[in-house]
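Structure assessment
Given next are the chains, with one letter for each unit.
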Amino acid sequence: MSCSLRHETPLFPSRPAKFPKPRPEPPISLNSTTEPSFSSINPPHNPCQCQTSLFQCERWLVAISSSSSNSSCMASLPLPPNANLQTQLSFSKPTQTLSPNFHENHKSFQLSYKSHCHQISSLCKQGQIQEAVDLFTKMELENLQVQPEIYGELLQGCVYARDLSTGQQIHARIIKNGEFLAGNEYIETKLVIFYSKCDAYSVASRMFRMVSSKNVFSWAAIIGMNCRMGFCEEALLGLLEMLDSGYVPDNFVVPNALKACGALQWIGVGKGIHGYAIKMGYGTCVFVSSSLVDMYGKCGAMEDARMVFDGIPEKNVVTWNSLMVGYVLNGENEEAIKLFYNLRMDSVKPTQVTISSYLSASANIGAPDEGKQGHSIAVVEGLVLTAILGSSIINFYSKVGLIEDAELVFSQMAEKDAVTWNLIISGYVQVGKIDKALGMCRRMRSEKLRFDSVTLASLMSASADTSNLKLGKEGHCYCIRNNLDSDVVVASSIVDMYAKCKRIDCARGVFDSVTKADLVLWNTMLAAYAELGQSGETLKLFYKMQLESVPPSVISWNSIILGFLKNGQIDEAKDMFLQMQSLGIQPNLVTWTTLISGLAENGFGFEAIFAFQKMQEAGIRPNSLTIVSVLSSCIDMAMLQYGKAIHGYVTRHVLCGSVPLATSLVDMYAKCGNIDKAKRLFDMIEEKAVPIYNAMISGYALHGQAVEALALYKRLEEEGKKPDSITFTNALYACSHSGLVNEGLELFADMVSKHHLKPSMVHYGCMVNLLSRCGNLDEAFRLINSMPFEPDAHIFGSLLAACREHNNTDLTKYLSEKLLELEPDNSGNYVALSNAYAAVGQWDEVENVRHLMKTKGLMKVPGCSWIQIGEESHVFLAGDQSHPKIEEINLTLALLGSQILCT
DNA sequence: ATAGGGTTAG
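A short tour of the structure in this document, coming up. (Residues numbered from 1 in each chain as written. Chains lettered and ligands numbered in written order. Predicted model: local features only at pLDDT ≥ 70, side-chain atom pairs only at ≥ 80, totals over all residues. Heavy atoms only, no water.)

**Quick word on the protein's contact with DNA strand B**
Stated precisely, the cut-off is as follows: Near, as used in this document, describes a residue that has one of its heavy atoms within 4 Å of the molecule or strand being considered. Two N or O atoms count as a polar contact when they lie within 3.5 Å, although within protein this holds only if one can serve as hydrogen donor and the other as acceptor, and sequence-adjacent residues are included solely when both atoms are side-chain atoms. Only Asp, Glu, Lys and Arg are considered charged, only Ala, Val, Leu, Ile, Met, Phe, Trp, Tyr, Cys and Pro nonpolar, and every remaining residue, Gly among them, polar.
In the vicinity of DNA strand B there are 57 residues, among which Asn321, Ser391, Asp417, Asn422 and Asp452 approach most closely. When atoms of DNA strand B within 4 Å of the protein are split into backbone and base, the sugar-phosphate part holds 42%. Within the contact set of DNA strand B, a phosphate oxygen lies 3.0 Å away from a side-chain nitrogen or oxygen of Lys399. Here the surface near DNA strand B is built from residues that sort into 21 nonpolar, 26 polar and ten charged.

What follows is the structure, encoded as structure tokens:
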């Protein structure tokens, strides 16, 4: 899989457009070419003393009021791009001359006036604001005296349509009318409501402060606007000020105030308002009680939310939705799902909100059947597939691993936004379909949607998963150019990307550049050091985070333990394991599994098994990873009986089905000496993955059953599966163990020409071993010369092992010098060395090598629990086929010509 | 009055 972008549309544009910060309101300047903003709108105290004139500002017509002292912009009228100023002016300023037959027509004018007003009103209610304004203009042109209510209706129409610019035109005409409408409470209130609803924050609040007549409606509008725009404290302050000035917050204000409490999680204030609402008799208002349910849910008080909910006699769908949202928010997904069931039983018609929340709950607990029902109900109910509903469905399918279904919904959606795209992208990333994710990114860009921090977090995660440093760097640069790198989530993903691409220095650089690190970011950096076994750096960071008042989570502790284990510091790891518990952090599944596998990998098989028992006593259910680690310890200790017990546990707890686990079990039986049982288990597995074949082949190889091993390799090929590098290591080892030179050579050739695999040092090592064991040292040396790399210690080890046969003192001397120069890095090589000395009878040297091994702490073959150096070597091979050093282990065994000790 | 997206540990 290639993520190269060379021949594709570049994912990240090299010269991105400036990334504008979202602005609630456009800037203003009379001589600027941009749209005027409202920040400089400064309504005069007494509009009737003002004269209003109109100026054109590029495409904008601006109403300017000139009072005696200064002139300021009052409102703006957008003009169509090619509008002629003159016509526009005459259009807005009808002549004052009366038509000659005015009086004759007066009666019919009155009739048409009424019908016009009625028509305007109904047009406004239908949301046809433009048509209403046209009719209104017609009335003005006909010199009909327009009553204040009409302006109110029109403004209300603009509120429905959220049409800011048309409302501004109405405002301008109100100002033009000067004396007639000045100080009209109804109009002023409507204007405040209009600007508030359109989220024109500064105009609305300024105007509200200016108007002489405040009332419950304008207060409600201002509080609501503050709430919507996230100024929750201001909203609540408004409520207090309102009460203070003697206005009585009604059942329209209370929901907004409750919303602010919910957003701030101020449950105390929320409860106060709850009390007020009950006293005022709003308890029966479904708007108020639904808001209470929502507020308690947002504050995490689900019992209270439920109590309010249960006390509502006439619930509507919003009430149900609010409670369900609360459950989802507080992680009580099962409750949310139960509630949906009750809602259905109550014959409540679900809305998009219902389905979205229900799907969130289903996605969170990975309940495919439940979620599918939600999708079906949405279809049956004929709900429109909006961006939000569609996104919820996509999120659900991708979280339960049904990416194809997510794709289908995605293709059906007419209305997609950045969230929709981000969901499908992260869905692909999560299932490892990185190319598809990148393709979606390109499509997203071609639809003129910009990548945001969420897109980049997914992209960085994709780069991390594939160790694609090039893509990662490009993404990082994009983040810098577009100010996305200040987002901690993005920063975490960048740090993780650099760490997984083996650039710990870059990771640390990015980490250090973040000013407000959160827990996840600290944990990301800790994990990066831990993975490398840099326990010192991990620990330093661990202390540093606490100095900066970020309390470590169980994840942080897990990294500390991992760091020590990766560095072989078993005692320190165990100490940390105890420390975390004394500080009240309970080890979780990951902690136990880290500990168990760390102990196993460091050769502490008994301790690993002991820890596994402790884990069960602590009531933590192991998963397949834990079992694999324990099995590797069983193999290590050749504890067939315990391995069988684990097998029983796996069967009882239905943990089967995992490929690594099945592989491990086959491996365990094979390596613990029960090859027949291994074969029986192997045959029982229906869908056999390549690693399971590898385990079985390795088992046969270890038992010297090379013919069976090669037959299995053939079978693997016949079944159309692709042998991998480990398959060849094991099969070559079988040949080498049984001295099957021709078969080995054939395998080696197959590997290169038929399966296009590049032999690694290990494969060359196997071949050298095979050739030299069969006495064909010339061929072995020829192969070494043809290798694309310098021979390593293993190769010399192999050759040394061959010296046992030849008792060639000179060659032993030469090879052992070479090997010692290379500083043999595992005990296998030392063993080979010592065996070679033993073969030529240099027992002093044998003792020297043993001593060397002891001082280097290498008395163990990696993954092998015990060896006996000398004429006979007994080895218990540890590790399953996914052991990180499996190739080395297999080779070491080949070197040793070891015997399996059967139990 | 209610709804959708991203990052960390074995």
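**Let's talk about the packing of aromatic side chains**
This is how it is decided: What counts as a ring pair is set by centres within 6.5 Å for rings of Phe, Tyr and Trp (its six-membered ring), and what kind of pair is set by the plane angle: stacked under 30 degrees, edge-to-face over 60, tilted for all other angles. Strands here are runs of E lasting at least two residues and helices are runs of H or I lasting at least four, both read from the DSSP assignment and numbered beginning at the N terminus. The classification of residues rests on relative accessible area computed with a 1.4 Å probe and restricted to protein chains. Under 20% of the type maximum is buried, over 50% is exposed, and intermediate values are partly exposed. Placement of a charge over a ring requires the Lys NZ or Arg CZ to be within 6 Å of the ring centre, with the centre-to-atom vector within 35 degrees of the ring normal.
Counted under the stated rule, the structure contains 18 aromatic pairs. Taking 4.9 Å as the distance between ring centres and 75 degrees as the angle between the ring planes, the aromatic pair formed by Phe542 and Trp557 counts as edge-to-face. Here Phe542, found in helix 27 (residues 535-547), pairs with Trp557, found in helix 28 (residues 554-566); they are 15 residues apart in sequence, far enough to count as distant. On the accessibility criterion, Trp557 (3% relative accessible area) is buried. One aromatic cluster in this structure is built from Phe12, Phe451 and Tyr478. Lying across the ring of Phe410, Lys416 places its NZ or CZ 4.9 Å from the centre.

**Details of a nonpolar patch on the surface**
Let me state the cut-off plainly: Only residues whose relative accessible area exceeds 30% and that take part in no salt bridge are eligible for patches, with like-charged residues grouped when within 9 Å of each other and nonpolar side chains (Val, Leu, Ile, Met, Phe, Trp, Tyr) grouped when within 5 Å. For every accessible area listed, the method is Shrake-Rupley and the probe measures 1.4 Å; residues are considered covered only by the protein chains on display. The salt bridge criterion pairs a side-chain nitrogen of Lys or Arg with a carboxyl oxygen of Asp or Glu, the two atoms within 4 Å.
Among the surface-exposed residues, Leu237, Leu240 and Leu243 lie close enough to one another that they form a single nonpolar patch of about 290 Å² accessible area. Note on Leu243: relative accessible area 38%, which makes it partly exposed.

**Here's the deal with the pattern of salt bridges**
In the structure shown here, the tally under the stated rule is 23 salt bridges. In this structure, Lys671 engages Asp667 in a salt bridge whose closest nitrogen and oxygen atoms are separated by 2.6 Å. Placement of the pair is Lys671 and Asp667 together in helix 34 (residues 659-671), with a separation of four residues, close to one helical turn. Among the salt bridges present, the one from Glu719 reaches Lys721, with a minimum N-O distance of 3.2 Å. A relative accessible area of 40% places Glu719 in the partly exposed class. The class of Lys721 is partly exposed, set by a relative accessible area of 24%.

**Notes on the packing of helix 4 (residues 148-161) against helix 6 (residues 185-197)**
Put simply, the rule is: Helix axes are fitted to C-alpha atoms over the stretch in contact, other axes to C-alpha atoms as well, and angles between N-to-C directions run from 0 to 180 degrees. Each angle is binned into one of four classes, with values under 35 degrees roughly parallel, values over 145 roughly antiparallel, values of 65 to 115 roughly perpendicular, and all other values oblique. Note on definitions: a residue-residue contact is assigned when non-hydrogen atoms from the two residues lie within 4.5 Å.
Between helix 4 and helix 6, the shortest axis-to-axis distance is 9 Å and the interhelical angle comes to 10 degrees. Comparing the axis directions of helix 4 and helix 6 gives the class roughly parallel. Contact residues: helix 4 offers Pro148, Glu149, Tyr151, Gly152, Glu153, Leu155, Gln156, Cys158 and Val159, while helix 6 offers Tyr186, Ile187, Lys190, Leu191, Ile193, Phe194 and Lys197.

**Examining helix 28**
Defined as follows: Expected helix span is computed as 1.5 Å times (number of residues minus one).
Its 13 residues give helix 28 an end-to-end C-alpha distance of 18 Å, which sits within 8% of 18 Å, the value for a rise of 1.5 Å per residue. Three or more residues of helix 28 are buried, namely Ser556, Trp557, Asn558, Ser559, Ile560, Ile561, Gly563, Phe564 and Leu565. Just past helix 28, the residue Gly568 takes up positive phi, approximately 75 degrees.

**Focus on the environment of Ala645**
Note that Ala645 resides in helix 33 (residues 640-652). We classify Ala645 as partly exposed; its relative accessible area is 40%. Taking the C-alpha atoms as reference, Ala645 lies 36 Å from His794; in sequence the two are 149 residues apart.

**A look at the side chain of Lys671**
Accessibility expressed as a relative area gives 4% for Lys671, which makes it buried. Among the polar contacts listed, one links the side chain of Lys671 to the side chain of Asp667, at a separation of 2.6 Å.

**Points about helix 21 (residues 434-446)**
Spanning 13 residues, helix 21 covers 18 Å between terminal C-alpha atoms, matching the ideal 18 Å at 1.5 Å per step. Residues of helix 21 that are buried: Ile434, Ala437, Leu438, Met440, Cys441, Arg442 and Met444. Those residues of helix 21 that are buried lie in contact with helix 19 (403-412), helix 20 (418-430), helix 22 (453-466) and helix 23 (469-481). Phi turns positive, to about 65 degrees, at Lys448, one or two residues after helix 21.

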